[in-house]
Amino acid sequence: MSYTSLQFLIFVVVLLFVYYIVPKKYRWEILLIGNLVCYYLMSGWLLLFVVLASLFSYFGAKLIEKRKEKRKKIFIISLFSVLGFLLVLKYNNFISSLLNPILNIVNLNIPFKKFILPVGISYYTLEMISYLADVYLKKIKPENNFFKLLTFYTYFPKVLEGPISKYRDLSKEIFSEHIFNYESFRKAWVLIGVGFIKKLVIADRCGLFVSNFFLEGHTGLLTIPAIIFYTIQIYFDFSGCIDIVSGVSELFGIKLAENFRQPFFSQSIEEFWRRWHITLGLWLKEYVFFPVSLSKTNMKLNKKMRNAKYKHLSKFILVAFPLFFVWFFNGLWHGPTLKYVLYGLYYYLLMMLGILFKPVLEKIVKILRINTEVFSWKLFRIIRTTFIVCIGMLIFRSETITDAFNTLANIRVMDSVKFFELGINIKEFVPLLVMIFAMFFISLAKELKIDVREKLEEQNLVFRWIVYWVIIFSVIIFGVYGRGYDAASFIYGGF
Amino acid sequence: MKDIIEILNEVNPGVDYEHEEELVTNGILTSFDIVTLISMLNMKFDIDISVTDLVPENFESAKAIKKLVDKLK
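Since the structure is predicted, the reported quantities are computational estimates derived from the model, not experimental observations.

What counts as what
- All chains use their own residue numbering, which begins from 1 and follows the written sequence.
- Chains carry letters from A onward and ligands carry numbers from 1 onward, assigned in written order.
- With the structure being a predicted model, the display of local features is reserved for residues of pLDDT at least 70 and the display and counting of side-chain atom pairs for 80 or more, all residues being used for whole-chain, interface and lining totals.
- Just so you know, side-chain values use all the structure's heavy atoms and leave hydrogens and water out.
- Only runs of H or I of at least four residues qualify as helices and only runs of E of at least two qualify as strands under DSSP, and these elements are numbered from the N terminus.
- Categorising residues by exposure relies on relative accessible area from a 1.4 Å probe, with only protein chains included: less than 20% of the type maximum marks a residue as buried, more than 50% marks it as exposed, and the intermediate range marks it as partly exposed.
- In summary, the charge assignment counts Lys and Arg as positive and Asp and Glu as negative, without counting His or the chain termini.
- For the purpose of locating charges, the reference atoms are NZ of Lys, CZ of Arg, CG of Asp and CD of Glu.
- N or O atoms closer than or at 3.5 Å make up a polar contact, with two conditions inside protein: a donor-capable atom paired with an acceptor-capable one, and, for residues adjacent in sequence, both atoms drawn from side chains.
- The contact rule is simple, with two residues in contact once any of their heavy atoms fall within 4.5 Å.
- Pairing of aromatic rings covers Phe, Tyr and the six-membered ring of Trp, with a centre-to-centre limit of 6.5 Å; geometry is then stacked below 30 degrees between planes, edge-to-face above 60, and tilted otherwise.
- The rule for a charge over a ring is simple: NZ of Lys or CZ of Arg within 6 Å of the ring centre, and within 35 degrees of the ring normal.
- To count as a disulfide, a pair of cysteine sulfur atoms needs to be within 2.5 Å.
- As used in this record, nonpolar core signifies buried Ala, Val, Leu, Ile, Met, Phe, Trp, Tyr and Cys residues forming a set joined through side-chain atoms within 4.5 Å.
- Segmentation of the chain into domains, including their bounds, is taken from an automatic or database domain assignment.
- By convention, the term buried area covers the 1.4 Å-probe accessible surface removed from two parts as they join, with the contributions of both added.
- A carboxyl oxygen of Asp or Glu within 4 Å of a side-chain nitrogen of Lys or Arg is what we treat as a salt bridge.
- The patch calculation keeps residues exceeding 30% relative accessible area without a salt bridge and links them within 9 Å when they carry like charges or within 5 Å when they are nonpolar (Val, Leu, Ile, Met, Phe, Trp, Tyr).
- The Shrake-Rupley method, run with a 1.4 Å probe, gives the accessible areas here. Residue values count only the displayed protein chains as cover.
- For a helix, the expected span equals 1.5 Å multiplied by the number of residues minus one.
- Working note: the arc is built from the helix axis to C-beta atom directions.

Draft legend 1. Region of interest: the overall build of chain B. Helix and strand content of chain B: three helices and zero strands. In chain B, the succession of helices and strands from N to C terminus is α-α-α. Residues classed as buried in chain B amount to 49% of the 73 residues present. Side chains of chain B carry 7 positive and 15 negative charges; the gap between the two charge centres is 8 Å.

Shown next as structure tokens:
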């Protein structure tokens, strides 16, 4: 069952009905039942893995608080017990490929095995780690009710693709009593509709061009639109999913964390990653960047450099050391292969060069008397950032790094295929372009701090309903539907 | 207090640290700045600021930072 399937919509409507007719204090229990049913429909009996990992995190947290003298040990054991599922099921082959060359020396070998992954394992494992860490760091008290914790981990709108949530934030939303509000209900449906447009009308349409181009091995200048379309596909696929699930969650009165803040308006890579997959960035900042930054090793390293009077270098190393881990894990989180690690390190390298040469670049800007406050300069920076992101997406799309380089090198090799022969004809291209522009203007309005959904609510009934019908018919008429009218799976759902 | 404002100016100059009350909320101090600030505070006052102290309230103003330093001294 996918978030864009008819079954999911029916499931949501039925659950909503039950949710709002039971007394307020029992509503989270209805959600728990709904979560388990939804998870079962998406992942079958692999549901047991998430229940088991939830039990480990529940008892781990309880023990951390109870056995004060051994809290560090218990924290580490609990951490690896929940992480163990992810390491064995998802990263076993990656670990084997690293260890086997050493083990082979003593005639040992870890066999390669491919397991079916429980839905959302990469997402809920991070949530379990953050829950355990928050209890260990005394930011929160451990939850007494296991079923409440299970409701949070399996909360159906966010279980497949995030946003990655923290128990300390989302529990307040899930377990507070919500009353039905028709205005919020309408606004939630608008968000769901926009999500459907992003996914079915834009992402999947671009996906046709991208798949045909790369699978048929084309070369030449069309590589450029193929890379741009892939970047558009990934963005609208992921942010479309987040809009759908955020809207669905709002129907239940529960607000999920923001995961995208107009990333393509970013003027630098750092800014891009503060606006793209925000919850992953925040998770890595809180549970990787800060702990490694403040570790004794990093502090000692910094002290030595400072004493040696290498001030700029010491500042650089102070962040370079922890950021290496951040980007290494960011890459590895996306996939258990070397390519994804290199994808993370691509951004790491660029970011480090940016920090290292910041004083030089500032001097150049001063010498050339560049006004950094004007629109043209900001636009130049936005285009430069988008270019870097597009190259990153190419690495993400390619099988290996060498493939990515070959794709770029092959731009010079002419190919006879025409633009409209790659899965999008002119009649499909025009509405695609119109929708991309519509989404651009919505993003621009958000960037200017205009609440688009609120503005729509202020309009007269007739205008509002015209917009609602435009959204509905755009999805029905211009959406891409495969066999049995089932849309393509979400790309980030694969993680 | 003077020492702390001096360090803050070294980390990120050009801010009215005596009156600014929302250094983290307003994005004046980035995570890079906070790490640099902590490293300098640790060295200057011979303290050990740990991950548990990393809550926004401890870094929102020069006054809050001084309170944290005094607590850890």
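Picking up after the structure, the text goes on.
Draft legend 2. Examining the side chain of Thr223 of chain A more closely. All names here are of chain A. Mapped onto the elements of the fold, Thr223 is located in helix α11 (residues 223–251). A distance of 2.6 Å separates a polar side-chain atom of Thr223 from the backbone oxygen of Gly220. Beyond its immediate chain neighbours, meaning those up to four positions away, Thr223 contacts Phe213, Thr407 and Ile411.

Draft legend 3. Fine view of the packing of aromatic side chains. Residue and element names in this part refer to chain A. Under the definition given, this model contains 61 aromatic pairs over all chains. On the basis of an interplanar angle of 55° and a centroid distance of 5.0 Å, the ring pair of Tyr343 and Phe396 is categorised as tilted. One end of the pair, Tyr343, is in helix α16 (residues 338–356); the other, Phe396, is in helix α18 (residues 375–397), and 53 residues separate them in sequence. For Tyr343, a relative accessible area of 2% translates into the label buried. Just above the ring of Tyr19 sits the side chain of Arg27; from NZ or CZ to the centre is 5.7 Å.

Draft legend 4. View of the state of the cysteines. Residues and elements named next belong to chain A. The tally for this structure, following the rule as stated, stands at zero disulfides over all chains. Looking at Cys38, it has no disulfide partner, and the nearest cysteine sulfur is the one in Cys241, 12 Å off. For Cys38, a relative accessible area of 0% gives the class buried. Here Cys390 is not disulfide-linked; the sulfur of Cys206 is the nearest cysteine sulfur, at 12 Å.

Draft legend 5. Highlighting the nonpolar core. Membership of the largest hydrophobic core comes to 172 residues, with the highest contact counts inside it found for Phe156, Phe252 and Leu323 of chain A. Among the elements that take part in this core, helix α10 (residues 182–215) of chain A stands out by supplying 16 residues, more than any other. Excluding residues that lie within four positions of it along the chain, Leu323 of chain A makes contacts with Phe289, Tyr348, Met351, Met352 and Ile355 of chain A together with Phe32 of chain B.

Draft legend 6. Examining the domain arrangement of chain A more closely. All names here are of chain A. Each assigned domain of chain A is listed here: domain 1 (6–180), domain 2 (183–205 + 215–256 + 415–494) and domain 3 (274–357). Computed from C-alpha coordinates alone, the two centres of domain 2 and domain 3 are separated by 34 Å. Contact with domain 2, which involves five residues of that partner, is made by five residues of domain 3. Of the roughly 430 Å² buried between domain 2 and domain 3, counting both surfaces, carbon and sulfur atoms make up 63%.

Draft legend 7. The arrangement of the pattern of salt bridges in detail. Residues and elements named next belong to chain A. Following the criterion strictly, the structure yields 20 salt bridges over all chains and no others. Measuring nitrogen to oxygen at the nearest pair gives 3.0 Å for the salt bridge that ties Lys199 to Asp204. The exposure class assigned to Lys199 is buried, which follows from its relative accessible area of 0%. In this structure, the salt-bridge partner of Lys199 is Asp237, at a minimum N-O distance of 2.9 Å. Taken together, the residues Lys199 in helix α10 and Asp237 in helix α11 connect sequence positions 38 residues apart. Through salt bridges with shared partners, a single network forms among Asp134, Lys139, Lys166, Arg168 and Glu286.

Draft legend 8. Geometry of the interface of chain B and chain A. Counting from both sides, the interface comprises 17 residues of chain B and, opposite them, 17 residues of chain A. Put simply, chain B and chain A have zero residue pairs in polar contact (both at pLDDT 80 or more) between them. Of all the secondary structure elements, the ones that give two or more residues to the side of chain B that touches chain A are α1 (2–11) and α2 (31–45) of chain B. No other element matches α2 of chain B, which puts ten residues into the side of chain B that touches chain A.

Draft legend 9. Seen up close, a positive patch on the surface. Residues and elements named next belong to chain A. A contiguous patch of positive charge, built from Lys72, Lys296, Lys300 and Lys304, is present on the exposed surface. With three residues, the single largest contributor to the positive patch is helix α14 (residues 296–307). Structurally, the position occupied by Lys296 is in helix α14. Residue class for Lys296 comes out exposed when judged on its relative accessible area of 62%.

Draft legend 10. Focus on helix α3 (residues 47–66) of chain A. All names here are of chain A. Taking 1.5 Å of rise per residue, 20 residues should cover 28 Å, and α3 covers 29 Å from first to last C-alpha, within 8% of that figure. Of all the residues in α3, the buried ones are Leu47, Val50, Ala53, Ser54, Ser57, Tyr58, Gly60, Ala61 and Ile64. All buried residues of α3 fall inside an arc of 165° around its axis, so they share one side. More than 90 degrees from the buried face of α3, the exposed residues found are Leu48 and Lys66. The elements touched by buried residues of α3 are α2 (27–43), α4 (71–89), α6 (121–136) and α7 (146–153).

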